[in-house]
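# Observations on the three-dimensional arrangement
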Amino acid sequence: MKNTHLEHLEDNILNGGSEGGREAVAFLRSLGKMLDQGMSDARITVKWDGAPAIICGRNPENNQFFVGTKSVFNKVDPKIIYSESDVDRMYSPGQLSEKLKASYRYFSTLNIPNVVQGDLLFTDDKYEASIGGETCIAFQPNTIVYAVPKDSDIGQKIDDAKIGIVFHTQYSGRTLDAMNASFGAINIQGNSDVFVTSSDFRNASGEANMTRAEKTSYTNLVNKTEGSLKQASRFLDLMKTNDMNKFTLNIMFKTFFNRYVREGRSLIGARATASDFAQYFSNALDKEIDKKKMKSTKDKYLELKNKGLKFINDNQQSIYMTVASYMNLQTAKNFMIRKLQKVNTFGTFLRTPDGYRVTAPEGFVAIRSGQALKLVDRLE
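Quick look at the structure, then. (Residues numbered from 1 in each chain as written. Predicted model: local features only at pLDDT ≥ 70, side-chain atom pairs only at ≥ 80, totals over all residues. Heavy atoms only, no water.)

## Some thoughts on the overall build of the chain
When you go through the chain residue by residue, the secondary structure sums to nine helices and 14 strands. The C-alpha radius of gyration of the chain comes to 23 Å, within 12% of the 21 Å expected for a compact globule of 380 residues. Dimensions of the chain, computed from C-alpha atoms along their principal axes, come out at roughly 65 × 60 × 45 Å. For the chain, the accessible area works out to roughly 18400 Å², and carbon and sulfur atoms hold 47% of it. For the chain, the distance from the average position of its 51 positive side-chain charges to the average position of its 43 negative side-chain charges is 6 Å. (Helix = DSSP H or I, 4+ residues; strand = E, 2+ residues; numbered from the N terminus. Rg over C-alpha atoms; globule rule 2.2 N^0.38 Å. Areas by Shrake-Rupley, 256 points an atom, 1.4 Å probe, with all protein chains shown as cover. Lys, Arg positive; Asp, Glu negative; His and termini not counted. Charge placed at Lys NZ, Arg CZ, Asp CG, Glu CD.)

## A short note on the nonpolar core
Soluble globular proteins: nonpolar side chains tend toward being buried together. Grouped together as the largest cluster of nonpolar side chains are 59 residues, with contacts concentrated most on Leu31, Ile44, Phe201, Phe253, Leu340 and Leu375. Among the elements that line this core, the one with the most residues is helix α9 (residues 316-340), at eleven residues. Core analysis: the second largest hydrophobic core is formed by 22 residues, Ile54, Cys56, Val87 and Phe107 among them. (Core = buried A, V, L, I, M, F, W, Y, C linked by side-chain atoms within 4.5 Å. Buried < 20%, exposed > 50% of the residue type's maximum accessible area, 1.4 Å probe, protein only.)

## Examining the packing of helix α7 (residues 270-291) against α9
Between α7 and α9, whose axes approach to 9 Å, the crossing angle comes to 120 degrees. Note on packing geometry: the crossing formed by α7 with α9 is right-handed. Residues Ala270, Arg271, Thr273 and Ala274 of α7 touch α9, and the partners they reach there are Gln317, Ile319, Tyr320, Val323, Ala324 and Met327. By residue class, the composition of the contact of α7 with α9 is seven nonpolar, two polar and one charged. (Axes fitted to C-alpha atoms, helices over the stretch in contact; angles between N-to-C directions. Left-handed = near helix turned anticlockwise from the far one by under 90°. Contact = heavy atoms within 4.5 Å. Nonpolar A, V, L, I, M, F, W, Y, C, P; charged D, E, K, R; others polar.)

Remember that the coordinates give geometry; whether it matters functionally is a separate question.
Written as structure tokens, this is what we have:
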């Protein structure tokens, strides 16, 4: 298992059916226990909006230090960098190649005994900014601007460093191709040139602890989610067996829900959203039919459309419960995110024409029983 893509917690019901639903509820209960009692079988890491993703360490096949992007795991033509000259050979001149050269130059000075993955935070592009009347050291690896007071301990370390990274994943295995990922708990120390921060979530002073009222509210949200999932479980499994290639219903539901995110819309009302799905499915098949030239191919997709619409019509209540479960998962997840966000060492901002606007961190990753799921406020 490579950390090349993580799924959202609520999408677990579409990927894994009823079992995915039980896993999602177990995640939520474990996270609630963590913030209530401090002990849990789940762990949290913080998602950083870094770029690019950097894989580095010692290749177990030759014991040589290397760096690269996620392309080191390519089945065909993996791009594994053992020297700065390899960067010139594999990449065109530009920002990415310069960041990869800096990554090789500085990360090779760290004691990295295995293979790890992290998000690059800055190289020579950090800068000084006045935010809220305070002088800060800031960097913007992707969309989010991170900032800390310049006169703080962390600010001084960042100001002195040549490069910054947050490591979040480590790998084990005899070959790069066969490696398995584990998340968090990485103890790699930086130096004066390399700023290394941890991705592990630490609620040391209890800022994210739940009050009694919050615990009751959260428990009720999770119980409501579990109740709707029990009613949707048979349909969640049935969707995956209704094989229509890319138009299989669990796949269509993912693209349907993602459309709401892309358009910046919330899911409002399970009944209305379920009805909207039937129209979405019909329109998607109509577009596919219009693209086909041959009558036989058009007829094939018309048959798929009619088959899918009949299935949707025959399972309207189950589709309603599926949408309700998805929405309930999002609500419980966002409650948890609001609590976790109370622990935040770095200021997070969006750059606007008028200055900087406070924004939420990118999100978190929950790890339990070797599985990892994203906790992200997708509209934010």
